[in-house]
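Structure assessment
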Amino acid sequence: MELYSLSQISKKEKLFYVILTLIFIVLYAFYLPQDIMDIDSTQYAEITREMVENHDYFKIRDNGRKYLDKPIMTFWILSFSFNIFGANNFAYRFPALLMAVISLIGIFKLAYLLYQKERKAWFAMLFYLSSPALFTMLTSPIIDIYLTTFVIFVFLFYYYGLLKNDRYFYLMYLFIGIGFITKGPISLALPLLAIGGNIIITRNFDILKRMHLLYGIIIISIPILFWSYLLYKDFGIFGPYFFLYLQSFGRFFSKIYDTGWNPFYFYYTFIYSILPFSLPFIIILFYKLKEIKKQYSNAENIKTKIINIYNDLYKKDVVLYLWVFFILILLSFSKFRLPQYIFWLVPGACIVAGNWLEEYLSKKNKTIINSFYFIPTFLFILLLYLPFYTGEQFTFLFYIYLFLILLILFFFYKTFDYSLIYTFFAFLLFYCYIISSLYPMLIKYQPASKIAQIIFKLELEKNRNNNKILYTYGIPFSHRSYAFYTKRITRPYSLKKAQFINELKVEKHKFIVVQEIFFKSFENELFQYFGKDLKINILGKFPYYKVSKPSLYFFNNNKREKMLKYVYLVEVLLN
């Protein structure tokens, strides 16, 4: 094979990487028009819709109420998109895809800056591009895709400042500040632990003089103080306290976030997040640890070993390893477990993997090469089985991508190592099946957008004023898809009966989404109150399921129907 016998990549090799990158990005773009999934994504979409509708870009309102859980940066980015494209699926998803592309550029530049080898940079970027972490963040875009991008550029500009020009440190501080008002102190904690830890371990304190720390503190503090002031105006002292401490560090120490400790949860999640290269990554990590053990086996005791390792790290750079492994260990102590916490580490893991795997593949290490085949083979077998299990067949898009893959293999099959091609193409086809078949199947059981279309059509045809509130009965209040797609706030009927009745008396008509099992009680209750003056029309019956957390059985086409609930879109008229 030519790929690993060359010190520099050829034009043909570079063309292959460019084509592979483009077909991944184009595939992800097919998510753009698809409905947004409850819970977090539709909540952020609704917050942004209200921000734009109210023309108030300094307060966060969720379904008409004050919102404290996340800072404002993501909503500023989304509101810019909403102002251009309107409040729709594309406007919500497009900034996430754009951030993904920007993050790929950052990873490529950082890997190339560190290793001065273009192939390692391409490997790092393609590992991230094909990772389940990025795919998950694009499937249901949440704040972490923005934070992760900013974190990448924090480390990129740290190394630009270290290796090129001190002025790049100012940009590092700027992205720390932006990340801080994206998801709180974690944007400062990550570089503080990785970069600060590296300075302590390597005793390279001279770098502190170059980093312009005083100016850095000022740059970081400006957005933090600005948002803290706005929170203080809205929530009093609890607003800044939540933003600066409870939101992030409370998940380690506060009882309100204590969901029980599982020390292995984040390790499993990490392996899943880097699945395309997880097995060779673990094997190489085992090799590295074995080499370290052998190197220091002659030491008299553990204390001497630690001292020897510490001395050998002098003036070496371990930022990436602290970013990935040290922070992973710290996360394992969190009392509150969410898989997206791992996503902040994945870019660093991809850069490390790009370096390690390029070196081992260039040596034609058979164990590493063969380890690539296991997971992709499982995916191919799964792909053949899924259409029978789910009832969702391969789409035209899937066959187009299969044809593109065969075409690429025809032109490039003599040039590249098959293990990498096999891996990337397996994940490409698997993601294609999810985007074109499984996700559309899931999202059709979230009926909010269909309900919204019926409401808009009726309001237009009958020349009615839009109800400012959509009521729901038996629908989880956290499901913001009804608010976002109908472009109005929602309220639970069970808690707001008096308000519903008063509004009906004034407006003479109301829309309400009722779960089927509650419809009879709802109907009887209203008829007892209004009598013959009331008319209730069922405008549609829709299958419903909590698609954000589907069970394995729900994917089974033969069992799915039994797991469905139904909701009615009801129009209530008063003479």
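Residues numbered from 1 in each chain as written. Predicted model: local features only at pLDDT ≥ 70, side-chain atom pairs only at ≥ 80, totals over all residues. Heavy atoms only, no water.

**Comments concerning the confidence of the model for the protein**
Atom-level detail of predicted coordinates should not be read off regions where pLDDT is low. Going by this rule: The predictor reports its confidence for every residue as pLDDT, a score running from 0 up to 100. What makes two residues a contact is simply this: any of their non-hydrogen atoms within 4.5 Å.
With 91% of its residues at a pLDDT of 70 or more, the protein has an overall mean of 89. Confidence over residues 1-7 falls short of pLDDT 50; this stretch has 19 contacts with residues more than four positions distant or in other chains.

**Some words on the side chain of Arg-93**
Selection criterion: Numbering goes from the N terminus for both helices and strands, where a helix is a DSSP run of H or I of at least four residues and a strand is a run of E of at least two. A simple rule labels every residue: compare its accessible area, found with a 1.4 Å probe on the protein chains alone, to the largest value its type can have, and call it buried under 20%, exposed over 50%, or partly exposed in between. Positive charges come from Lys and Arg, negative ones from Asp and Glu, while His and the chain ends are left out of the count. What counts as a salt bridge is simple: a side-chain nitrogen of Lys or Arg found within 4 Å of a carboxyl oxygen of Asp or Glu. Each polar contact in these results corresponds to two N or O atoms within 3.5 Å; when the atoms are within protein, one needs to be able to donate a hydrogen and the other to accept it, and residues that are neighboring in sequence are counted only if both atoms are side-chain atoms.
Tracing the sequence through the fold places Arg-93 in helix α4 (residues 89-115). In this structure, Arg-93 is buried with no salt-bridge partner, the nearest side chain bearing the opposite charge being Asp-35 at 7.6 Å. Of note is the side chain of Arg-93, whose polar atom sits 3.0 Å from the backbone oxygen of Leu-138.

**Structural notes on the environment of Asn-165**
On the secondary structure map, Asn-165 appears in the loop between α7 (144-163) and α8 (168-183). When its relative accessible area of 36% is taken as the criterion, Asn-165 is described as partly exposed. Residues Asn-165 and Arg-210 lie 45 residues apart in sequence; the distance between their C-alpha atoms is 9.5 Å.

**Details of the packing of helix α3 (residues 73-85) against α8**
Counted only if it meets this: Axis geometry follows a simple rule: fit a line to the C-alpha atoms, using only the stretch in contact for helices, then measure angles between N-to-C directions, giving values from 0 to 180 degrees. Oblique is the label for any angle not covered by the other classes, which are roughly parallel (under 35 degrees), roughly antiparallel (over 145) and roughly perpendicular (65 to 115). Throughout, the ten residues Ala, Val, Leu, Ile, Met, Phe, Trp, Tyr, Cys and Pro are labelled nonpolar, Asp, Glu, Lys and Arg are labelled charged, and all others, Gly among them, are labelled polar.
As a packed pair, α3 and α8 sit with axes 6 Å apart at the nearest point and diverge in direction by 90 degrees. As the angle between them shows, α3 and α8 are arranged roughly perpendicular. Note on element contacts: α8 touches α3 through Ile-178, Ile-181 and Thr-182, opposite Met-73, Thr-74 and Trp-76. Looking at the contact of α3 with α8, its residues break down into four nonpolar, two polar and no charged.

**Some remarks on a nonpolar patch on the surface**
Definition in use: Like-charged residues are merged into a patch within 9 Å and nonpolar side chains (Val, Leu, Ile, Met, Phe, Trp, Tyr) within 5 Å, provided each residue has over 30% relative accessible area and no salt bridge. Accessible areas in this description were obtained via Shrake-Rupley with a 1.4 Å probe; residue shielding takes into account the shown protein chains only.
On the surface, Tyr-232, Ile-237, Phe-238, Tyr-241, Leu-244 and Tyr-245 cluster together to form a nonpolar patch covering roughly 610 Å² of accessible area. Among the elements that make up the nonpolar patch, the one with the highest residue count is helix α12 (residues 238-246) (four residues). With respect to the helices, strands and loops of the structure, Ile-237 is situated in the loop between α11 (213-235) and α12.

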